[in-house]
Protein chains: 2
Amino acid sequence: MPERTFDGRKRVVIEKITPAVDNGRFPIKRIVGEKVEIEADVFVDGHDILRCGIQFRHQNEKDWREVAMTTLYNDRWNGAFIVTEIGIYLYTVVAWVDDFESWRRDLAKRTNIEDIALALQTGAMLIRAGEERAVAARHNNDAQQLRLWSETLLDDKSIEERRSFALSDELAQLVAAYPDRTLASRHEKEFTVVVDDKQALFSSWYELFPRSVNTPPLRHGTLKECIPRLAEIAAMGFDIVYLPPIHPIGHTNRKGRNNSLITEPGDPGSPWAIGDKAGGHKSVHPELGSLDDFRELVENANNLGLRVALDIAFQCSPDHPYVREHSQWFHWRPDGTVQYAENPPKKYQDIYPLNFETDDWKALWEELKNVFEFWIERGVRVFRVDNPHTKPFPFWEWLIREIKHQYPDVIFLSEAFTRPKVMYRLAKLGFTQSYTYFTWRNTKWEITHYLNELTRGEVREYLRPNFWPNTPDILHAYLQFGGKPAFVSRLVLAATLSSNYGIYGPAFELMEAQPREPGSEEYLDSEKYEIRLWDTDRPDSLSQLITRINQVRRENPALQQYRNLQFFPVDNDQIICYAKWSKDYTDIIITFVNLDPYHTQSGWVELPLDELAIDPHHPYQMHDLLNDERYLWNGANNYIELNPQISQAHIFKLLRHVRTEHDFEYYL
Amino acid sequence: MPERTFDGRKRVVIEKITPAVDNGRFPIKRIVGEKVEIEADVFVDGHDILRCGIQFRHQNEKDWREVAMTTLYNDRWNGAFIVTEIGIYLYTVVAWVDDFESWRRDLAKRTNIEDIALALQTGAMLIRAGEERAVAARHNNDAQQLRLWSETLLDDKSIEERRSFALSDELAQLVAAYPDRTLASRHEKEFTVVVDDKQALFSSWYELFPRSVNTPPLRHGTLKECIPRLAEIAAMGFDIVYLPPIHPIGHTNRKGRNNSLITEPGDPGSPWAIGDKAGGHKSVHPELGSLDDFRELVENANNLGLRVALDIAFQCSPDHPYVREHSQWFHWRPDGTVQYAENPPKKYQDIYPLNFETDDWKALWEELKNVFEFWIERGVRVFRVDNPHTKPFPFWEWLIREIKHQYPDVIFLSEAFTRPKVMYRLAKLGFTQSYTYFTWRNTKWEITHYLNELTRGEVREYLRPNFWPNTPDILHAYLQFGGKPAFVSRLVLAATLSSNYGIYGPAFELMEAQPREPGSEEYLDSEKYEIRLWDTDRPDSLSQLITRINQVRRENPALQQYRNLQFFPVDNDQIICYAKWSKDYTDIIITFVNLDPYHTQSGWVELPLDELAIDPHHPYQMHDLLNDERYLWNGANNYIELNPQISQAHIFKLLRHVRTEHDFEYYL
């Protein structure tokens, strides 16, 4: 005999609930106000009619809410709920056999008068059972109504009149309000949704080395001097300004310019070689200023609608206080020295990695969490995490859960450029956004293939891509050789393919393109190792284009998501076309990019008129939001031509033909 | 801080283990001697080298066995183990960081002499740690050897000599024998394999109404009279003879010939209307004989290498003893009568379904289990379960688990012709084999699509198809209109696409093709409602062809599985081509079937020479096992022609060209 708690009469099966990451081991991600669309296979033995619902609640709520699901096809059901609060939601699926609806379906098909009479008796019993449940719910009016109706089924009217009433919608609706759920099945697992602030899904990042914000002569910039620059960044339309580490920089084995092993006097060192006697991860580099200056920077940024993102790089220079105070957190070598970072035969002697296999790992974890808390308490809500893939996965899962429990609006960007499954795991376990391979995806095939991977599979549920055309570590050959058209092309791609994107400036808008040496992806005279001066007022700066693109992104909800991406065929591999649109079709954005920075390219696009809800019998307008030009297009196939000297890309807003009741026509 | 039992230093991640059904909720299925090939994503933060293994054991074993896994690509690992005993096996994956191998990889890349000297010290420490583990394992010789070798790394030989030894395989192998697994990860789930007898995967069924085994004059056959027929069935090469229900048949509302509501005197009724005063599911119909006769039948069958399969149909005629003795197991209507089976407006008044929502469900389950036990004790090991989809899923999961716990060799065939997910669920929860939609898949597109669904996706792991060209319930129009070529085509398809197949005879070999009425799939004068006489000696019987096909199946291991199926393109939609081969290429079977029963069809096939390990520079033989003809083929593209008047199909065995060391050539 089965166990005592098991009830073999619970017959309904609920399977394959989607979305779900690794069968519910990890949460899916949404932002406030988003709809969570759930599907499930739900079925039962035999032919009974089922009812099915989603149960959901915010973690802080006690009671489950419920929303009905409807059948699609092949025993698949769907439904949706909207997440309205930041934090964690739970959801699962419930289903039960609906005896009354099954009875009603059969009653409608019965032809024999005696069968119908008998069925009406059964129906009256089912309604009276509903009445009892209404009484238990203290809904006395409904109970009374059900009692009356159960009697109506057995009164002295004709069989046909009574059947007609028994099949009425008003009766069905009232009975449905008091379902018999004693044998309901509930899926054994509760799934989770992490609900973030809108910026988790839609953000525009600008990376800035604060020590390089000056005008000539060359000198070490300060946080205070960054403040005027913030206004320019905000004016370009960015909403996150991200600073590489602002902490004291080590002196031992400090790197010189262009990553030289020899340091010249005055070389500032790499900001990622964190810590000296002035402090470590909770200190500000004295030459940048003080904690008070930092607070002032954050306040000024916030007033401009900018959030400041800090770079959290868990590694130490040999001079970091941790090395002395917590020597057990490092790897020691047989000669009594600390193990520096290395990838033999390469050595990074200015950096000591932490030893996460230390017996003292709990104290280490707590201290690292405290680094985040320290900056959160000083107004930081966005963190770009450096190389998370070289620290244990369980550490990040714990840390992000702990931090978000207390500060649910914090954003963590994972800077892991490593193997795909490692990057995916980091996103699963809690990172809000992730760097991607975008920088190395340059051909139409590469972009299409990669974006479909990110926006179509299970990955879309947990990894929010953040696309960067450049970073201080990556100057791709495409930018080195393509000139301005290459920068435009990559900018448009990043900003329209992904709802989260960023640039490393002013190197980007000033089109810095010299590699350290041929074949290298490193910048020549990289800011990582020296202070640079930038003339952001240069007339060839891309800042105007960037400003326009950020404005287009802000004005068009279709560009503020990534799961809505769809590619359309163009008969030329140098032109890529893709669209994003809002579910209500009020905002349809179709982007064309010439991937060839050297030549004019042309071709024919084929748009799926049905999917775009375009009337095939009328022309429609394509309004280029970059240069305000308008084209009148007809039907599915249209010609496109992009000349690098004129325009490298179109970001079209589609205006469809609408006919009014008076037969006036206009475009919407 | 994390919970006390949690160790944050266990860094290795193990994900996406395959095969697994619904993430391990249900077992996969294998037969004794089969290899279980496991894959998993396994990775760790950073760059450490991992080791990875499958842990597995038979449920009755206490200790886990372990077999190493190797890397494939993109952090995917694979390995395999062989299941040698019937019953349930468990498996999961373990992995750990291999410090010694990581150290060794780095040592090989080091160039600086001081770095190497220091690394040798580290290596000596790692080897001594291995020595300690060897001591703990009481492997004193190995421990001593490791101690010596750790000293060798630090002796007075040159650095290069010592490095060379440190990199030696003999050292690596001995250290690897004593891995440090204190921080090993083990996947949180243990997966299960149900291991069956070979017949679960490879069986040939023959369905027979025992009451119709006589020669004229027409009279009710007996179990005793079946015995001579068994020899003929065995001679045709079948190994399971399946009997529709052999129990007493109800009298109340008994169905007449051709499913008539009016019964004529002498009408025997449907065997599926089970039970009368002589007994129910544990009784033999008096006209068929006694329990002793049944035992004799089973013994005779077994002596011929035939197993007897019984039909378990959990439903009752109104005269079944259960109705009186366990009235609580039925649905009662308000007029005090028992609810018969119905699908309004259709009624099946000769059958009462059981009420699985009865409060007395536990007693009902026990009794139904006892029905199986009753026949198992009388030598039955194979059951064809009638309409399992109209009984609750939890019931079957419990029943099959209970029965197989005691009798692990029992085979359950699920006769569920219903919605796909319901059929799949029944297979998942334990049915050994399943009827399929094969009967209704007749075109090349349908067959290819459906077989790929069965043999490529997760379904292949839990659903063993059993293909039937006909059943007493299904005479497909293809057979009604196609004449002998249609019967041949469907027979060859069933017997070569699926390793389990069956026919309902003698209707099949005598090519019975008359429907009850035009458009019906029911047989005219169906044995379900009357006794039939069959002249199995008729010269046009397909019995010789059937005999040959069953022999080919027995002689060719490639045809004794289904997951090895692969389709090849033919440029004619009326000719289908597919292959199955053994993993060692010693048995390659390529089948061609003309799906058009009316016309000669021809076309070109394209064989993937690489996959079939065919030398493109030499001809190869195609030996038709049906008619013993041989064709010499060359290269990938070859011509095929099938004339319904001559041969409707080829079952080719591919004989490849082999060159000996003396340059003699022959075909293997």
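Each chain carries its own residue numbering, running from 1 in the direction its sequence is written. Following the order in which they are written, the chains are lettered starting with A and the ligands numbered starting with 1. Note on the predicted model: pLDDT of at least 70 is required for a residue's local features to be given, and 80 or more for side-chain atom pairs to be given and counted; whole-chain, interface and lining totals, by contrast, use all residues. Hydrogens and water are ignored here; the side-chain numbers use all heavy atoms of the structure.

With that out of the way, let us pick up the overall build of chain A. Looking only at helices and strands, one finds 14 helices and 32 strands in chain A. Residue burial is assigned from relative accessible area. The probe radius is 1.4 Å, only protein chains are included, and a residue is buried under 20% of its type maximum, exposed over 50%, and partly exposed in between. Going through the 668 residues of chain A one by one, you find that 59% of them count as buried. Residue contacts are defined here by distance: any two heavy atoms, one from each residue, within 4.5 Å place the two residues in contact. Long-range pairs, those at least 24 residues apart, make up 74% of the contacts in chain A between residues at least 6 apart in sequence. To measure how exposed things are, a 1.4 Å probe is used in the Shrake-Rupley method; for residues, cover is taken only from the protein chains shown. Surface exposure of chain A reaches about 27300 Å², of which carbon and sulfur atoms provide 49%. Neither His nor the chain ends contribute to the count of charged residues, in which Lys and Arg are positive and Asp and Glu negative. Charge positions come from single atoms, namely NZ of Lys, CZ of Arg, CG of Asp or CD of Glu. Taken as two groups, the 77 positive and 99 negative side-chain charges of chain A have centres that lie 3 Å from each other. Secondary structure elements follow DSSP: runs of H or I of four or more residues count as helices, runs of E of two or more count as strands, with numbering from the N terminus.

We now examine the side chain of B:T591. Residue and element names in this part refer to chain B. You can see T591 is positioned in strand 25 (residues 588-594). The class for T591 is buried, based on a relative accessible area of 1%. Not counting residues within four places of it along the chain, the set of residues in contact with T591 comprises V492, T496, I576, C577, Y578, H650 and I651.

Another point: the sheet that holds strand 20 (residues 433-435) of chain A. Residues and elements named next belong to chain A. Taken in spatial order, the 8 strands close into a barrel running 11-12-13-18-19-20-21-22, and their pairing is parallel. Between one strand axis and the next, the sheet turns through 30° on average, direction left out of account. Paired strands, in this sense, are two strands between which DSSP finds at least two bridges. In this structure, strand 19 (residues 411-415) lies alongside strand 20, joined through 2 bridges in parallel fashion. Following the sheet pairing, L413 is matched in strand 20 by Q433. Every axis corresponds to a line fitted to the C-alpha atoms, with the helix fit spanning only the stretch in contact, and the corresponding angles, defined between N-to-C directions, vary from 0 to 180 degrees.

This next bit is on the sheet that holds strand 30 (residues 649-655) of chain A. All names here are of chain A. An order of 23-24-25-30-27-28 is seen for the 6 strands of this open sheet, with the pairing classed as antiparallel. Of all strands in the sheet, those bounded by a partner on one side alone are strand 23 (566-568) and strand 28 (630-633). Looking at each pair of strands side by side, their axes are set apart by 30° on average, direction ignored. Examined bridge by bridge, strand 23 and strand 24 (residues 575-581) share 3 bridges and lie antiparallel to one another. Opposite Q566, over in strand 24, you have A579 as the bridge partner.

Take the pairing of strand 7 (residues 76-82) of chain A next. Residue and element names in this part refer to chain A. As paired strands, strand 3 (residues 35-43) and strand 7 are joined by 7 bridges and run antiparallel to one another. Counted as the bridge partner of E37 is A80 from strand 7. Remark: 2 residues form the turn of the hairpin made by strand 6 (residues 70-73) and strand 7, two consecutive strands paired antiparallel; N74 in that turn has positive phi of roughly 45°.

Time to look at the pairing of strand 4 (residues 50-58) of chain B. Residue and element names in this part refer to chain B. Of all 9 residues making up strand 4, 8 are buried, and the element is well covered by its neighbours. For strand 4 and strand 8 (residues 87-97), the ladder comprises 9 bridges, and the chain directions are antiparallel. Bridged to Q55 within strand 8 is T92. Here 4 bridges tie strand 4 to strand 5 (residues 65-68), and the two strands are oriented antiparallel to one another. For Q55, the partnering residue across the bridge sits in strand 5 and is E66. A loop of 6 residues connects strand 4 with strand 5, the two strands running antiparallel in sequence.

In this section: the relation of the copies chain B and chain A. Superposing chain B onto chain A takes a rotation of 180° combined with a translation of 0.0 Å along the rotation axis, leaving an RMSD of 0.0 Å. As the rotation angle and translation indicate, the two copies are arranged about a two-fold axis. Within chain B, the C-alpha atom positioned nearest to the axis of rotation is that of B:N23, 3.6 Å from it. Comparing contact sets, 100% of the residues at the interface of chain B also lie at the interface in chain A, consistent with an isologous, same-surface contact. Here the copies are superposed with least squares, the fitted atoms being C-alpha atoms of residues at a pLDDT of at least 70 in both.

This part takes up helix 7 (residues 291-303) of chain A. Residue and element names in this part refer to chain A. Given a rise of 1.5 Å per residue, 13 residues ought to cover 18 Å, and the 18 Å separating the end C-alpha atoms of helix 7 matches this to within 8%. Residues of helix 7 that are buried include every one of D293, F294, L297, V298 and A301, and no others. Along helix 7, the residues classed as buried sweep out an arc of 140° about the axis, all on the same side. Residues of helix 7 that are exposed and angled more than 90 degrees away from the buried face: D292 and N303. Residues of helix 7 that are buried make contact with helix 6 (223-235), strand 12 (240-243), strand 13 (307-312) and helix 9 (361-377). Where helix 7 begins, the capping side chain belongs to S290, and its oxygen is found 3.3 Å from the backbone nitrogen of D292. Note on helix 7: the residue one or two positions beyond its end, G305, has a positive phi of about 80°. A helix is expected to span 1.5 Å for every residue after the first. This arc corresponds to the set of directions leading from the helix axis out to the C-beta atoms. In protein, a polar contact requires one atom able to donate a hydrogen and another able to accept it; more generally it is a pair of N or O atoms within 3.5 Å, and residues adjacent in sequence count only if both atoms are side-chain atoms.

Let us now look at the packing of helix 6 (residues 223-235) of chain B against helix 7 (residues 291-303) of chain B. Residues and elements named next belong to chain B. Following both chains from N to C, one finds helix 6 and helix 7 inclined at 5°, their axes separated by 9 Å at the closest point. By the angle between their directions, the pair helix 6 and helix 7 is classed as roughly parallel. From helix 6, L223, K224, C226, I227 and L230 reach across to helix 7, where they touch D293, F294, E296, L297, N300 and A301. Put simply, Ala, Val, Leu, Ile, Met, Phe, Trp, Tyr, Cys and Pro go in the nonpolar bin, Asp, Glu, Lys and Arg in the charged bin, and everything else, Gly too, in the polar bin. A breakdown of the residues in the contact of helix 6 with helix 7 according to their chemical character gives 7 nonpolar, 1 polar and 3 charged. To sort the angles, those under 35 degrees are grouped as roughly parallel, those over 145 as roughly antiparallel, those from 65 to 115 as roughly perpendicular, and the leftovers as oblique.

Residues and elements named next belong to chain B. Among the structural elements, L218 can be located in the loop between strand 11 (203-207) and helix 6. Expressed as a C-alpha distance, the spacing of L218 and R441, which sit 223 residues apart in the sequence, is 36 Å. Those residues within four positions of L218 in sequence are excluded, and the remaining contacts are I531, R532 and L533.

The subject of this paragraph is the pattern of salt bridges. For this analysis, a salt bridge means a side-chain nitrogen from Lys or Arg found within 4 Å of a carboxyl oxygen belonging to Asp or Glu. One pass over the full model with this rule turns up 116 salt bridges over all chains. When the shortest N-O distance is used, the salt bridge between A:K369 and A:E373 registers 3.1 Å. Here A:E373 and A:K369 lie together in helix 9, a separation of 4 residues that amounts to about one turn. With its nearest N and O atoms 2.8 Å apart, the salt bridge here joins B:R384 to B:D386.

Attention now goes to the packing of aromatic side chains. Here a pair means two rings of Phe, Tyr or Trp (six-membered ring of Trp) with centres within 6.5 Å. Their orientation is stacked below 30 degrees between planes, edge-to-face above 60, and tilted elsewhere. Per the stated rule, a full pass over the model turns up 96 aromatic pairs over all chains. Judged by centre distance (4.3 Å) and plane angle (15°), the ring pair of B:F56 and B:F81 falls under stacked. You can see B:F56 sitting in strand 4 and its partner B:F81 sitting in strand 7 (residues 76-82), a full 25 residues away along the chain. A relative accessible area of 3% means that B:F81 is categorised as buried. Taken together, the aromatic side chains of A:F6, B:F314, B:F356, B:W361, B:W365, B:F372, B:F383, B:F395, B:W396, B:W398, B:F412 and B:F431 make up a single cluster linked through ring pairs. In this scheme, Lys NZ or Arg CZ marks a charge over a ring once it lies within 6 Å of the ring centre and within 35 degrees of the ring normal. Looking at A:R490, its charged tip hangs above the ring of A:F438, at a distance of 4.0 Å from the centre. Its guanidinium or amino end placed over the ring of A:W534, A:R532 lies 4.4 Å from that ring's centre, counting from NZ or CZ.

Size of an interface, as often reported, equals the accessible area lost when the parts are brought together. Residue-level contacts link 64 residues of chain B with 65 residues of chain A. The term buried area means the drop in 1.4 Å probe accessible area that two parts suffer when joined, counted for both and summed. Note on chain B versus chain A: buried area summed over both sides is about 5900 Å², and carbon and sulfur give 52% of it. Measuring nitrogen to oxygen at the nearest pair gives 2.8 Å for the salt bridge that ties B:E15 to A:R425. In this assembly, chain B and chain A are joined by 22 residue pairs in polar contact (both at pLDDT 80 or more). Going through the elements one at a time, strand 1 (13-18), strand 3 (35-43), helix 1 (99-109), helix 2 (113-136), strand 15 (341-343), helix 9 (361-376), helix 10 (393-406) and helix 11 (420-428) of chain B are the ones with two or more residues in the side of chain B that touches chain A. Its residues placed into classes, the side of chain B that touches chain A shows 22 nonpolar, 12 polar and 30 charged.

Residues and elements named next belong to chain A. Between its terminal C-alpha atoms helix 12 (residues 444-456) stretches 17 Å, which fits the 18 Å expected from 13 residues at 1.5 Å a residue. Taken as a whole, helix 12 has its buried residues at K444, I447, Y450, L451, L454 and T455. End-on, the buried residues of helix 12 take up no more than an arc of 145°, which puts them together on one face.

Attention now moves to the environment of B:S158. Following the sequence through the fold, B:S158 ends up in the loop between helix 3 (140-152) and helix 4 (159-166). Taking the C-alpha atoms as reference points, B:S158 and B:A117, separated by 41 residues in sequence, lie 9.9 Å from one another.

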